[in-house]
Amino acid sequence: MTVKERIETRLREALSPETLHVSDDSHLHAGHAGARPGGESHFTVEIVAACFDGLNRVARHRLVNTALAGELAGPIHALVIKARAPGE
């Protein structure tokens, strides 16, 4: 399973998103700190989930970071999070 697939699986299980898009941006960071030769180190997550309703940006990011704790401790070097509640 790729890192992208693990991110998608963990977020679906933990947050039940209405929409989820994960992009591997590693190719944009080749040669920079944290970039690995095989890629899969820099990601953007765009997620819409009801659990974000009423939460500020920091609380939303904490939910995503908690769901991805294992990946953030290992293969993920950088993560851009765009978290919204339905209707935003």
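Just above, that's the structure.
This section reports on the structure supplied with the text. Keep in mind it's a predicted model, so treat the numbers as computed, not measured.

Each value, and the rule that gives it
Residues numbered from 1 in each chain as written. Predicted model: local features only at pLDDT ≥ 70, side-chain atom pairs only at ≥ 80, totals over all residues. Heavy atoms only, no water. Helix = DSSP H or I, 4+ residues; strand = E, 2+ residues; numbered from the N terminus. Buried < 20%, exposed > 50% of the residue type's maximum accessible area, 1.4 Å probe, protein only. Contact = heavy atoms within 4.5 Å. Areas by Shrake-Rupley, 256 points an atom, 1.4 Å probe, with all protein chains shown as cover. Salt bridge = Lys/Arg side-chain N within 4 Å of Asp/Glu carboxyl O. Expected span 1.5 Å × (residues − 1).

## Let's talk about the overall build of the protein
Helix and strand content of the protein: three helices and three strands. Walking the protein from its N terminus toward its C terminus, one meets helices and strands in the order α-β-β-α-α-β. Within the protein, the proportion of its 88 residues that are buried is 35%. Relative to all contacts within the protein whose residues are 6 or more apart in sequence, the contacts with residues 24 or more apart total 63%. Carbon and sulfur atoms form 51% of the exposed surface of the protein, whose accessible area is close to 5,100 Å².

## Let's talk about the pattern of salt bridges
In total, this model carries three salt bridges according to the counting rule given. Put simply, Arg-6 and Glu-71 hold a salt bridge, and the shortest N to O gap is 3.5 Å. Placement of Arg-6 in helix α1 (residues 3-15) and of Glu-71 in helix α3 (residues 69-72) is noted, with a sequence separation of 65 residues between them. What makes Arg-6 partly exposed here is its relative accessible area of 22%. For Arg-10, the salt bridge goes to Glu-71, with nearest N and O atoms at 3.0 Å.

## Thoughts on α1
A rise of 1.5 Å per residue sets the reference length of α1, with its 13 residues, at 18 Å; its end C-alpha atoms lie 18 Å apart and thus fit the reference within 8%. Tucked inside the fold, the buried residues of α1 contact β1 (19-24), β2 (42-48) and α2 (57-67). Ser-16 sits one or two positions beyond α1 and adopts a positive phi of about 45°.

## Let's talk about the side chain of Ser-23
Inspection of the secondary structure assignment puts Ser-23 in strand β1. For Ser-23, the residues in contact, after removing those within four places along its chain, are His-42, Phe-43 and Thr-44.

## Description of the environment of Ala-78
Locating Ala-78 in the fold gives a position in strand β3 (residues 78-84). Look at Ala-78 and you get partly exposed, because its relative accessible area is 27%. When the C-alpha atoms of Ala-78 and Asp-25 are compared, they prove to be 9.3 Å apart, with 53 residues separating the residues in sequence. Those residues in contact with Ala-78 that lie beyond four places of it in its chain are Ser-41, His-42 and Phe-43.

Worth remembering: the numbers are spatial, not functional.
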